[in-house]
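Observations on the model geometry
Each chain is listed here by its residues.
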Amino acid sequence: MKLKQLSLVNFRSFSNKSFKFSPAITLIVGDNGAGKTNLLEALFLLSTGRSFRATKEAQMINNGAELARIQTQTETDSLEIVLTTGEIAGQKVAKKRYLLNGVAKRRMDFISCLRCVLFRPEDINLILGSPSLRRDYLDTVLESVDWQYRRSNLAYQKGLRQRNKLLQRIREGEAQRSQLLFWNRLLIKNGELISQKRQELIDFINHQLETDQRNTRLEYDKSAISPERLEKYKEAEVGAGATLIGPHRDDVKFLKSNQRDLALYGSRGEQRMAVLATKLSELVFITQRIQEKPLLLLDDIFSELDENNRQLVWQLINQHQTIITATDEDLVSQQTFDKIIKIGK
Ligand SMILES: Nc1ncnc2c1ncn2[C@@H]1O[C@H](COP(=O)(O)OP(=O)(O)OP(=O)(O)O)[C@@H](O)[C@H]1O
Ligand SMILES: [Mg+2]
C-alpha cells in the first residue's frame, strides 16, 4: 500500500504543512533542526501508534497549541491521529485518538493499516539501552503483523496493572490471596502467547541472520510465566507488591557468533552492523507476514554505514517505497531520487 501525502497541524515544529511523496523514493533534505526526524516520527506514529522518541503525547504538540493533527492518505485510506494535552477549553479529552476514514478506532484496530520499517542511528540503543527498549521493539514488530499478539499484549498489560494493585492490597492486609487466582489465569494465558510469538520472531531473525551469514545471533532471555513459577514467587511478589515474572521481564541478548555478548564485548561498528542486520531480518519477517512490501523510513543513516552495507541498503530502497532524510544531498548523491523535498526552519 503506497503512501501519497502527509499533513501536519501543530505537530512538533510544524504549525501547518503538507507533503506529497513519490511512490518510489523521496528524499527529505534540510539542515539540523529543520524537522526531518519530526516528519518520520509522524509517519511512524501513524504506523505503530507509538512515537520513537516522545515519552508523553504532549511533547509532540507544537509549543503552546492544545491539539495536533497528523493525517495521511494511502491509496485506499485516510489515517489520522489527533493528539491533545488532555484538556481543551477546560474540558478533559483523550490524549490520543485514531481515525480511519474519519471513523474513531481503537489503537489495536488502527495500527495494521500502514506498515513501516524504520532505520535510524539510534537503533544502536537496541543493544546498548535498557531491556524495556528491546521489549518495545519486539512488541512493535509483532503488533504490526499479528492481531492475536495485539489483543494478548493489551490484555496482559491491563491485567498486570490490576494484579500489581492487588498484590499491594494483599501486602497491606486489605485483600485475600485467593483473589489472585483470576489474574494469574489471565496473565498465564496471555503471557504464554506473548512468549511464544516472541520466540517465533527471534527464531525467524536468527534463521535469517544465518542465511545472510551475519556474524550475529539473538538469544531470548525469557521470563516464563506458569502456575508453578507463580507459586514459587508468591511470597516475594506479595512482599514487593509487584509481579516479578512474565514477559514484562523478558530480555534479548545480541551475541556474536562466538557467543560473546555484543553489549559488553562488541566494538561500536560491530554493534551497529548487528542492529542493521537484525532490522534487515525484521524487514523480511514483516514482508513475509503481510505479503506486501512495507514502507521504509531511513533517518540519516548513510554516514554510519560502510560501503558494503550502504550498497545493501540501496538495493532494498530500490524495491520499496522509501522516505529518506539527509542533511546534505551530496551524502546520498550516488542515487537519483524520484522526488526531493527541501525543508527549512
Ligand atoms: N513540541 C514542539 N514544538 C515546537 N518545536 C518542536 C517541538 N518538538 C521539537 N521541536 C523542534 O523541532 C526541531 C527538531 O526537529 P528534528 O529533530 O526533526 O530536526 P532534524 O531535521 O531531524 O535535525 P537533525 O539533522 O539534527 O537530525 C528542533 O528545533 C526542536 O526545537
Ligand atoms: Mg534528525
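Residues numbered from 1 in each chain as written. Chains lettered and ligands numbered in written order. Predicted model: local features only at pLDDT ≥ 70, side-chain atom pairs only at ≥ 80, totals over all residues. Heavy atoms only, no water.

**Topic: the site of ligand 1**
Under the convention used in this document: Any residue with a non-hydrogen atom lying within 4 Å of a molecule or strand is treated as near it. Identification of polar contacts relies on pairs of N or O atoms within 3.5 Å, with a donor-acceptor requirement for protein atoms, meaning one able to donate a hydrogen and the other able to accept it, and with residues adjacent in sequence counted only if both atoms are side-chain atoms. The accessible surface values rely on the Shrake-Rupley method and a 1.4 Å probe; as for residues, cover is taken only from the protein chains in view. Under this grouping Gly is polar, as are all residues other than the nonpolar Ala, Val, Leu, Ile, Met, Phe, Trp, Tyr, Cys and Pro and the charged Asp, Glu, Lys and Arg.
The environment of ligand 1 is made up of 16 residues, and the closest members are Gly-33, Lys-36, Thr-37, Asn-38 and Ile-61. At 3.3 Å, a backbone N or O of Arg-12 approaches a nitrogen atom of ligand 1. Residue Asn-63 places a main-chain N or O atom 3.1 Å away from a nitrogen atom belonging to ligand 1. If ligand 1 stood free it would expose 660 Å²; the protein chains cover 70% of that surface. Here the residues of the shell around ligand 1 are counted per class, giving two nonpolar, ten polar and four charged.

**Looking at the domain arrangement of the chain**
Heads up, the rule is: Throughout the structure description, domain borders are defined by an automatic or database domain assignment. Whether two residues touch is decided by their heavy atoms; if any such pair falls within 4.5 Å, the residues are in contact. Two parts placed together each lose some accessible area under a 1.4 Å probe, and the buried area is that loss summed for both. For this document, the term salt bridge refers to a Lys or Arg side-chain nitrogen within 4 Å of an Asp or Glu carboxyl oxygen. Only DSSP runs of H or I covering at least 4 residues are called helices, and only runs of E covering at least 2 are called strands; the numbering of each starts at the N terminus.
As assigned here, the chain comprises domain 1 (1-115 + 293-345) and domain 2 (127-291). For domain 1 versus domain 2, the separation of C-alpha centres amounts to 27 Å. Contacts between domain 1 and domain 2 engage 18 residues on the former and 19 residues on the latter. In total, about 1,600 Å² of surface goes out of reach between domain 1 and domain 2, with carbon and sulfur atoms giving 65% of it. Among the residues domain 1 hides against domain 2, the three largest losses belong to Arg-50, Met-108 and Arg-115. Together they make up 34% of the total. The interface formed by domain 1 and domain 2 contains four salt bridges. Among the salt bridges present, the one from Arg-50 reaches Asp-136, with a minimum N-O distance of 3.8 Å. Between domain 1 and domain 2 we count six residue pairs in polar contact (both at pLDDT 80 or more) in total. Broken down by secondary-structure element, the contributors of at least two residues to the side of domain 1 that touches domain 2 are helix H1 (36-48), helix H2 (107-110) and helix H11 (307-317).

**A look at the sheet that holds strand S4 (residues 67-74)**
Spelled out, the test is: When DSSP finds two or more bridges between two strands, those strands count as paired. An axis is simply a line fitted to the C-alpha atoms; with a helix, the fit covers only the stretch in contact. Between two such axes, the angle follows the N-to-C directions and lies from 0 to 180 degrees.
Sheet architecture is open: six strands sit in the order S2-S1-S4-S5-S8-S9, paired in antiparallel fashion. Because the sheet does not close on itself, it has two edges, and the strands there are strand S2 (14-20) and strand S9 (103-105). The mean inter-strand angle of the sheet, taken between neighbouring strand axes irrespective of direction, is 20°. Where strand S8 (residues 96-100) and S9 come together, three bridges link them in antiparallel fashion. Each residue of the ladder has a partner; that of Leu-100, found in S9, is Val-103.

**Let's talk about the environment of Val-252**
Mapped onto the elements of the fold, Val-252 is located in strand S12 (residues 251-256). In the structure, Val-252 is positioned 17 residues away from Glu-235 in sequence and 27 Å away in space, judged by C-alpha atoms. Not counting the four nearest positions on each side in its chain, Val-252 is found in contact with Arg-134, Leu-138, Ile-202, Leu-218, Glu-219 and Asp-221.

**Comments concerning the nonpolar core**
Inside soluble globular proteins, nonpolar side chains tend to come together where they are buried. This is how it is decided: Buried residues of nine kinds, namely Ala, Val, Leu, Ile, Met, Phe, Trp, Tyr and Cys, make up a nonpolar core once their side-chain atoms join them within 4.5 Å. Three labels apply to residues, based on accessible area from a 1.4 Å probe with only protein chains included: buried if under 20% of the type maximum, exposed if over 50%, partly exposed otherwise in between.
By size, the foremost hydrophobic cluster in this structure holds 53 residues, and its most contacted members are Phe-119, Phe-285, Leu-298, Phe-302, Val-313, Ile-317 and Ile-324. Ignoring anything within four residues of it in the chain, the contact list for Leu-298 reads Leu-40, Phe-119, Val-313, Ile-317, Thr-322, Ile-323, Ile-324 and Thr-325. With 38 residues, the next largest nonpolar core counts Leu-8, Phe-11, Ala-68 and Ile-81 among its residues.

**A few points about H11**
Given 3.6 residues to a turn, an α-helix orients residues that are three or four positions apart in the same direction. Inclusion rule: The reported arc concerns the directions from the helix axis to the C-beta atoms and nothing else.
Buried residues of H11: Asn-309, Arg-310, Val-313, Trp-314, Leu-316 and Ile-317, and no others. Burial along H11 is one-sided: seen end-on, the buried residues are contained in an arc of 160°. Seen from the buried face of H11, the exposed residues on the opposite side, beyond 90 degrees, are Asn-308 and Gln-315. Packing partners of the buried residues in H11 comprise strand S3 (25-29), helix H10 (268-290), strand S13 (295-299) and strand S14 (322-326).

**Digging into unusual backbone geometry**
The phi torsion at Asn-10 lies on the positive side, around 55°, for a residue other than glycine. Residue placement: Asn-10 occurs in strand S1 (residues 3-11). Phi is positive for Ala-89, close to 50°, though the residue is something other than glycine. The exposed category is assigned to Ala-89, whose relative accessible area is 68%.

**Remarks on helix H5 (residues 147-171)**
Note the cut-off: Expected helix span is taken as 1.5 Å per residue step, with the number of steps being one fewer than the number of residues.
Look at H5: 36 Å from first C-alpha to last across 25 residues, which is about the 36 Å you get at 1.5 Å a residue. Packed against the buried residues of H5 are H2, helix H4 (131-145), helix H6 (180-211), helix H7 (227-232) and helix H8 (234-240). Between the side-chain oxygen of the N-cap and the backbone nitrogen of Gln-148 there are 3.0 Å, and the N-cap of H5 in question is Asp-146. Just downstream of H5, Gly-173 is the residue with a positive phi angle, here 75°.

**Re the packing of H4 against H5**
Our working definition: An angle below 35 degrees is treated as roughly parallel, one above 145 as roughly antiparallel, one from 65 to 115 as roughly perpendicular, and anything else as oblique.
At their nearest, the axes of H4 and H5 sit 6 Å apart, and the two run at 125° to each other. Comparing the axis directions of H4 and H5 gives the class oblique. Along the contact surface, H4 presents Asp-139, Leu-142, Glu-143, Ser-144 and Val-145, while H5 presents Trp-147, Tyr-149, Arg-150 and Asn-153. Taken together, the residues of the contact of H4 with H5 sort by class into four nonpolar, two polar and three charged.

**A look at the sheet that holds strand S10 (residues 116-119)**
Across the sheet, which stays open at both edges, the five strands sit in the order S10-S13-S14-S3-S15 with parallel pairing between neighbours. Edge positions in the sheet fall to S10 and strand S15 (339-342), since each has one partner strand and no second. Each strand of the sheet is rotated relative to its neighbour by a mean of 15°, with strand direction disregarded. Direction of pairing for S10 relative to S13: parallel, over a ladder of four bridges. The residue of S13 that forms the bridge with Phe-119 is Leu-298. Across the sheet, H1 lies against S3, S10, S13 and S14, angled at about 150° from S13, the strand it touches most. Helix-sheet contacts for H10 involve S10 and S13, and the interaxial angle to S10 is about 175°.

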